[in-house]
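Below, each chain spelled out in residue letters.
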Amino acid sequence: MNDSLADVLALYDEEAPLEYASTIPAAWYVDERIGRLEQEQVFGSNWIAVGRIDQVTDVGQFFTFDLAGEPLVVVRGADRELRAFYNVCRHHAAAVMTVPCGFAQHLRCPYHGWTYGLDGSLKGTLISPVL
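A. Examining the nonpolar core more closely. By size, the foremost hydrophobic cluster in this structure holds 13 residues, and its most contacted members are Phe-62, Cys-89, Val-96, Met-97, Leu-107, Cys-109 and Tyr-116. Val-96 has contacts with Asn-87, Val-88, Cys-89, Leu-107, Arg-108, Cys-109, Pro-110 and Tyr-116, leaving out every residue within four places of it along the chain.

Structure, rendered in structure tokens:
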């Protein structure tokens, strides 16, 4: 695609009267520059609804999801606070919570067993014995 980003953006007239309004141009769905703009301007700088409060009403209740290519987990903490974290272990970058939803007393990576509290704090690591 040889068009400048400004040319691609200009394909849509956001000022068009309702009777002339249309969906966004097809190019917007496939142009990587538009994708980067969305990541920056939409997902990177706005609140995004990711679930419902009834999915995390009880302590330890969680759900996982991907947002803009990032794996996340939302969990109700022991202090009843609602928190969201990257669903990635700091040690080996494996998913910490591997099911879509459920209850947990802690968040534990299945790869090497690094364990996090419901507040996101690192609680412990499993260390293999030296042979």
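B. Highlighting the side chain of Asp-31. Position of Asp-31 among the secondary structure elements: in the loop between α2 (27-30) and α3 (32-43). For Asp-31, a relative accessible area of 7% corresponds to the buried category. Here the side chain of Asp-31 touches Arg-33 through a polar contact of 2.6 Å, side chain to side chain.

C. The arrangement of the pattern of salt bridges in detail. Counted under the stated rule, the structure contains three salt bridges. With its nearest N and O atoms 2.6 Å apart, the salt bridge here joins Arg-33 to Asp-31. By relative accessible area, Arg-33 is classed as partly exposed at 23%. When the shortest N-O distance is used, the salt bridge between Asp-54 and Arg-52 registers 3.0 Å. A relative accessible area of 53% places Arg-52 in the exposed class.

D. Structural detail: the packing of aromatic side chains. Summed over the entire model, instances satisfying the criterion amount to two aromatic pairs. Seen in terms of ring centroids, Phe-63 and Phe-65 are 5.7 Å apart; in terms of plane orientation they differ by 35°. Their pairing is tilted. Here the two residues Phe-63 and Phe-65 agree in accessibility, since each one is buried.

E. A look at the environment of Asn-87. Inspection of the secondary structure assignment puts Asn-87 in the loop between β3 (82-86) and β4 (101-103). For Asn-87, a relative accessible area of 6% gives the class buried. For the pair Asn-87 and Leu-72, spaced 15 residues apart in the sequence, the C-alpha separation amounts to 4.5 Å. Sequence-distant contacts of Asn-87, defined by excluding residues within four places in its chain, comprise Thr-64, Pro-71, Leu-72, Val-73, Ala-94, Ala-95, Val-96 and Met-97. Polar side-chain contacts of Asn-87 include one of 2.8 Å to the backbone oxygen of Met-97.

Rules behind the numbers
Residues numbered from 1 in each chain as written. Predicted model: local features only at pLDDT ≥ 70, side-chain atom pairs only at ≥ 80, totals over all residues. Heavy atoms only, no water. Core = buried A, V, L, I, M, F, W, Y, C linked by side-chain atoms within 4.5 Å. Buried < 20%, exposed > 50% of the residue type's maximum accessible area, 1.4 Å probe, protein only. Contact = heavy atoms within 4.5 Å. Helix = DSSP H or I, 4+ residues; strand = E, 2+ residues; numbered from the N terminus. Polar contact = N/O pair within 3.5 Å; in protein donor to acceptor, adjacent residues only side chain to side chain. Salt bridge = Lys/Arg side-chain N within 4 Å of Asp/Glu carboxyl O. Phe/Tyr/Trp six-rings, centres within 6.5 Å; stacked < 30°, edge-to-face > 60°.

Taken by themselves, the reported measurements are silent on function.
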